[in-house]
Structure formats: C-alpha cells, structure tokens
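Chain and residue survey
Here is what each chain is made of, one letter per residue.
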Amino acid sequence: MPVTSAVFVLLSRFSLFHPIQWISGEETSTIVLITGLFNLEFYTLVPSIPCSRMALLGTVLHPRQCVHSLVYCTMGMLVMWCASVTIGGRYSTLGIPCRQSESGEVVTCLNEYHLFLLLAGAFMGYSHSFLGVVQNMYYVSFQPIQQYKYPRFKGCLPMVLKCSVIQSLYSARNFAALYFFFGYVPKTWISSTLHLQIDSSLQPLDSLTGLLDFSLLYHLSISGTFLYFTWYLTVLLFRIYVTEAYSFPVQSTFTEDAEQCLPKVLAETNTLVMKFLALQDLALLSQHSLSRRLEVFSLSQPGGHPHNWNAISRECMSLLSELTQRLLAHQDAVASNGRVKSQSASIDTRSASSSSSEDVAETPRLSVPLRTPGSVFTSSVGGVHSEPRSPWFGTVQSPHIMRRGPKLWMSSSVAGEKGSSRFSVIPLHGLETPVNSCSCHTLNCSAQVKSFLAKRVLIVYLFNKLPEASSQALFADSQAHIWALQGLSHLVAASFSEDQFGVVQTTLPSILSCLVVLLEAVDRHFKLPHASSKPVRTVCSMVPSLLAQFLEFKE
C-alpha cells in the first residue's frame, strides 16, 4: 500500500517545471483498507451461476447486493476525494471563489472538476460492485499448480496492473458519456443544495468541448487506475493466502486432537474452506508423500481396523456419487425435453451407480446452496410410466408411441359387456378425477397469457435460459470433485505396492464401479447440446475460468 500510494502521488502531481512540488504530495490510504475488510464478507468458494438474465437481474437488485453497491459507491467517492486533494490545483476543493457580488462579497462557485472526480469515483465503485456479481469476481479458486506466496504474487502483479488500466479506461469512457447526457442533473442539485453558484464564464464539462480536456482525462484515468489497482490487489492477496496449502495430520495420538485430523476435516460441512483445504491436502499427499500414505493404509491400535482409509474413501466416493447423480438427473431432463431417451441405458447407469454406493455409508455431503437452474437438480421426468391398466403396458416397439399419452377409449368388442355403446372409458389410475369447468377456464387463460408473453421480445430475452448455464452449474463446485478423484485414484494406484494390510482391496470393486459410472456420465454430458468446451474470449478479467476447471475434470 505505501508503494502504491507513492507511485500514484508521483504520477498525479507530475510537473516538469516544478519537480519539488511534484514529489511533495501526501495521501491517506486508510479508506482502502476499510474497503478491503468489507470485501472479505462476499468471497465464496462456489460461484453463483444464474440460469437466465432475469435471475441475474434479481441478484443485482438483491438488498444485500444493493447495500454492497452503496458502500462501494461511497468508498469510491472517498478515494477520489483523497485523489483530488492529492492532485491539488483545480481539483482540490468543491467550492472555489469565482467573482465578487454587487455588495463586494466574494461568491463561492461550484468547482465542476472536483465534482466530476467525485461522481467518477462513485461510478467506478458501482461498476466494481456490479462486475463482482456478473463476473463472479468474489469467487476464490485454487490453483492446479501450487506456488509459494511471493512467486505467485510477483507473477500475478502484471496481470493486476493490466486489468486495472483497462478497467479504468473503460470506466472513464463510460462515465464521460454518461456525464455528457446527464451531468447537468447532479450539478444543478448539488449547487442548489450547497448554495453554490455556477460560474458561467467557464466551459461546462457536460459538453463536448469540456470533456475534450486531456489533463482532465489523464487525471481521471490515473485516479481510476489507482482505485482499481488497490481493490484488485486486496482480491489477489486474499486469494493467495486463503488458497495456501495446509497439511493436516492423518491421525493423532491424543483423542482431543482427532477433530483436526484429515479424515474428520474431510467430512466438514460448516466451514467450506476447511473442506476444500483438506481435499487439496489429500490430493497432494496421495502423489508426493509416502509416509503420510502409509498412515492412510495403517490399521488402528488396538483393534486393527482401517479407520483412516474407510473415512477418506467414504467421503471421496460420496462426493463422486453425488456428482454422478447430478449428471444423470440433468441428462434425463434434457432427454425428456422433446426427445426420446434410452431407458435401458439410464436404468443400467442408475443401477450401477446405486450398487457402487451401497457399500458406502451415508456421510454429510457438500452443503453449499448453489444458485443453479432448477432443471439441474430436479428429479427425472423422462419417459412415459406405463401402467398395468394401460393397453400399452409392456414392451414398446415404436418410439413414436412413447410420445402419445395412454389411450382413453377402446372399441366395444374389446370392452366386452361394459355397455352397448361403441366406445367406453378405460379407468386409468390417477385419471378418474372429474374435470372442473373453472379449472379448464383457468388453464386456458394461463395458456393464453403464456402465449402472449412468449411473443414479447423483452420477456423472451429476460427469461430465456443462458447457454451453457446448466453445465456451469453442474460443475460449479468441480474443484472438490477433482481433488477427491485425484486423491482416491492415486491412493488406489499406490496401494498395490504400499498397502501392507490389503485395506484397499476390500473397497476396490466399489471404487472402480464408481469411477467408471462417473466417467460414462461425464462423457455423455459433453455430448449434449450447450455443453461446449470453447473458451470465452475476454479482454481482461480478474475472474478465474470455470471452464478450465471442468475441462480439467473431463480430462
């Protein structure tokens, strides 16, 4: 922070003809530290994936997010106030003496340059808060390749500076356009509220000639770069320290320390960061630590039970089975959406998944409320459930028959002695309820309303599902599954030469079955529509790529 402040002072007070004044500036950066502390409440390890633009709009307008945006607008204004005082000159104060009145008194006029920087700070603060929601800026991802803090910070510093400059230029351009059209509104309101006059002899900034001021745009860009750089720097430092690898003991000699051991922390549900750090530690020890792997394969004394291996394998298989069920539910929902699915493949996959998880006891799963589309986690809807009383009960030869509902009528020859009429009603289970005319009218009205709204372009734009949102929601917490998969597979591979007691062999069939079913589900998922693996092109972003995570999971 002191280095950043010093660099900003040198650049903002640049004066070729007054070098002493250039290097004599001071600034207080306490407000930036307060902003950094406020940021800590909004970071998450599982990103929020909106299924539609309306869902995204609801997140932006949420009261908690509105408070966050208001605080950032205030912080942006305060930082810009510090910047304007540091720059000095025509930016120093909001009110300046402009002329004398008829009575000889000096009239205080509104300093539009100072007001321009203050409003720009509020605009940049709201832009930072808004992009934090849209781009999942508060999502903290773990690096696939572990680095020490200082090399990682040094490697990310150029990217942070580049993103700060680019975002500052974009914000300066957008705010200048906004001020050109609506700048007279805050200027008039503030001048009337604070009883400040508007100097008509000066060129107003809400005009084309007023905005084409190189000095003004330069100081706006430099101040915005400083503002974004300090905020992005807090994000980077937080990510580095939170995702730093931690080594948990596999087993403990004392009973009071058992809650801090790796098998216990893996089942953690209250503190998600502890669970992620434990899974990261498991993936690392399964590949790089022989002594800790031997502790995993060891037996308890006394008793001779593989408690460590049972707890670790149970939690890993629970996570993988949960992801498999998610993928199968999503595939069933896609298959039932106007297409005929293969029932035999779905039933075989479900039975294999259930058989692989029968030997695994129930453990607390990842209790993270994902903001995902409802179709991802809903139950299977695919296929027509033929019923014993239906004439189509049994094997269906044609796929077109599955699209039709069960027939309600049959000929009198089939009905036998049910009546003299040519057709009679077959009593189907669940369809004997009499139809009410009011309910039919309600259904018709709702269908007409839906048909009317479906023709409106704005409604369709807001409520249509975003492409690939379902896939991103499925793999939102894929980092935990990647570590569980890596740790489990490497431990199984190492057990052939390191497992002296054969503790892994008892659960090896269930593990292999779980992995094969998951592999099949992942392969089927990436063959579905809207499951593209093309990266999204962005100019600059401080947000980790979700696509890279589930492409790594696919590999």
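On a predicted model such as this, the values are computed, not experimentally measured, just so you know.

**Structural notes on the overall build of the protein chain**
Along the backbone of the protein chain there are 24 helices and four strands. Out of the 555 residues in the protein chain, the part that is buried amounts to 42%. Considering only intrachain contacts with a sequence separation of at least 6, the fraction spanning at least 24 residues in the protein chain is 75%.

**Some details on the UniProt feature "transmembrane region" (unreviewed entry) in the protein chain**
Per the UniProt entry, the sites bearing "transmembrane region" (unreviewed entry) are residues 70-93, 113-138, 159-182 and 216-238 in this numbering. In the segment residues 216-238, helix accounts for 100% and strand for 0%; the C-alpha atoms at its two ends are 33 Å apart.

**Details of helix α5 (residues 63-87)**
Here α5 spans 36 Å end to end across 25 residues, near enough to the 36 Å set by a 1.5 Å rise per residue. A positive backbone phi angle near 75° is found at Gly-88, which sits one or two residues after α5.

**Quick look at the packing of aromatic side chains**
If you walk through the whole model with that rule in mind, you get 20 aromatic pairs. Here a set of aromatic residues connected by ring pairs shows up, and it is made of Phe-42, Tyr-43, Tyr-138 and Phe-238. For the cation-ring pair, Arg-64 lies above Phe-42, with the distance from its terminal atom to the ring centre recorded as 4.2 Å. Over the ring of Tyr-113 we find Arg-90; its NZ or CZ atom is 4.2 Å from the centre of that ring.

**Here we look at unusual backbone geometry**
Generally, phi is negative for residues other than glycine and the peptide bonds are trans, each holding for most cases. Located in the positive-phi region is Asn-136, a residue other than glycine, with phi close to 55°. Assessed through its relative accessible area of 15%, Asn-136 is described here as buried. In this structure, His-195 takes a positive phi of about 55° despite not being glycine. Residue position: His-195 is located in the loop between α8 (184-193) and α9 (208-211). Judged by relative accessible area, which is 69%, His-195 ranks as exposed.

**As for the pattern of salt bridges**
Following the criterion strictly, the structure yields eight salt bridges and no others. Among the salt bridges present, the one from Glu-315 reaches Lys-275, with a minimum N-O distance of 2.8 Å. On the criterion of sequence distance, the pair formed by Glu-315 in helix α14 (residues 307-335) and Lys-275 in helix α12 (residues 272-288) is long-range, its members being 40 residues apart. Classification of Lys-275 by relative accessible area gives buried; the value is 0%. Here Asp-281 makes a salt bridge to Arg-292, at a shortest N to O gap of 2.7 Å. Linking Asp-281 in helix α12 with Arg-292 in helix α13 (residues 290-296), this pair joins segments that are eleven residues apart in sequence. We note that Asp-281, like Arg-292, is buried. It is possible to trace a salt-bridge network through shared partners that takes in Glu-112, Lys-187 and Asp-206.

**Things to note about the packing of α14 against helix α23 (residues 508-525)**
Following both chains from N to C, one finds α14 and α23 inclined at 30°, their axes separated by 9 Å at the closest point. As far as their axial angle goes, α23 and α14 are roughly parallel. Along this stretch, α14 crosses α23, giving a crossing that reads as left-handed. Note on element contacts: α23 touches α14 through Ser-510, Ile-511, Cys-514, Leu-515, Val-517, Leu-518, Ala-521, Val-522, Arg-524 and His-525, opposite Trp-309, Met-317, Leu-320, Ser-321, Leu-323, Thr-324, Leu-327, Leu-328, His-330 and Gln-331.

**Structural notes on the confidence of the model for the protein chain**
Looking at the protein chain as a whole, its pLDDT mean stands at 76, while 69% of the residues score no less than 70. Every residue in residues 20-28 scores below 50 in pLDDT, and together they form 19 contacts with partners more than four places removed in sequence or on other chains.

**Describing a nonpolar patch on the surface**
Taken together, Leu-178, Phe-180, Phe-181, Phe-182, Tyr-184, Val-185, Leu-208 and Leu-212 make up a surface patch of nonpolar side chains, about 850 Å² in accessible area. Broken down by secondary-structure element, the contributors of at least two residues to the nonpolar patch are α7 (149-182) and α8. For the nonpolar patch, the element with the highest residue contribution is α7, accounting for four residues. With respect to the helices and strands, the residue Tyr-184 is situated in helix α8.

**Observations concerning α12**
Helical geometry note: an α-helix holds 3.6 residues per turn, so side chains three or four residues apart project in the same direction. The end-to-end C-alpha distance of α12, which contains 17 residues, comes to 24 Å, matching closely the 24 Å that a straight helix rising 1.5 Å per residue would cover. Regarding α12, the residues found buried are Leu-272, Lys-275, Phe-276, Leu-277, Ala-278, Leu-279, Gln-280, Asp-281, Leu-282, Ala-283, Leu-285 and Ser-286. Those residues of α12 that are buried are in contact with α10 (214-242), α11 (262-266), α13, α14 and α22 (478-498).

**Considering the side chain of Ser-298**
The topology assignment puts Ser-298 in the loop between α13 and α14. The class for Ser-298 is buried, based on a relative accessible area of 15%. Among the polar contacts made by the side chain of Ser-298, one reaches the main-chain carbonyl oxygen of Glu-295 at a distance of 2.6 Å. Not counting residues up to four positions away in its chain, the partners in contact with Ser-298 are Gln-251, His-305, Pro-306, Asn-308 and Phe-501.

**Re the environment of Cys-109**
Position of Cys-109 among the secondary structure elements: in strand β2 (residues 106-110). What makes Cys-109 buried here is its relative accessible area of 1%. Distance in space between the C-alpha atoms of Cys-109 and Leu-194 is 10.0 Å, their sequence separation being 85 residues.

**Examining the packing of helix α4 (residues 53-60) against helix α6 (residues 112-134)**
Any two packed helices are characterised by how steeply their axes cross, that is the angle between the axes, and by the distance between the axes. Running from amino to carboxyl end, α4 crosses α6 at an angle of 135°, the nearest separation of the two axes being 10 Å. Of the possible angle classes, the one that applies to α4 and α6 is oblique. The crossing of α4 and α6 is right-handed. The segment α4 lies against α6, with Leu-56, Thr-59 and Val-60 engaging Tyr-126, Phe-130, Val-133 and Val-134.

**Section: the environment of Thr-225**
Position of Thr-225 among the secondary structure elements: in helix α10. Taking relative accessible area as the criterion, Thr-225 reaches 16% and is therefore assigned buried. Separated by 59 residues in the primary sequence, Thr-225 and Ile-166 place their C-alpha atoms 8.3 Å from one another. Setting aside chain neighbours within four positions, we find Thr-225 in contact with Ser-164, Val-165 and Ser-168.

Criteria and cut-off values
Residues numbered from 1 in each chain as written. Predicted model: local features only at pLDDT ≥ 70, side-chain atom pairs only at ≥ 80, totals over all residues. Heavy atoms only, no water. Helix = DSSP H or I, 4+ residues; strand = E, 2+ residues; numbered from the N terminus. Buried < 20%, exposed > 50% of the residue type's maximum accessible area, 1.4 Å probe, protein only. Contact = heavy atoms within 4.5 Å. UniProt positions renumbered as here; feature names shortened; annotations may be inferred. Expected span 1.5 Å × (residues − 1). Phe/Tyr/Trp six-rings, centres within 6.5 Å; stacked < 30°, edge-to-face > 60°. Lys NZ or Arg CZ within 6 Å of the ring centre and 35° of its normal. Salt bridge = Lys/Arg side-chain N within 4 Å of Asp/Glu carboxyl O. Axes fitted to C-alpha atoms, helices over the stretch in contact; angles between N-to-C directions. Parallel < 35°, antiparallel > 145°, perpendicular 65-115°, else oblique. Left-handed = near helix turned anticlockwise from the far one by under 90°. pLDDT = per-residue confidence, 0-100. Patch = residues over 30% accessible without salt bridge, like charges linked within 9 Å, V, L, I, M, F, W, Y side chains within 5 Å. Areas by Shrake-Rupley, 256 points an atom, 1.4 Å probe, with all protein chains shown as cover. Polar contact = N/O pair within 3.5 Å; in protein donor to acceptor, adjacent residues only side chain to side chain.

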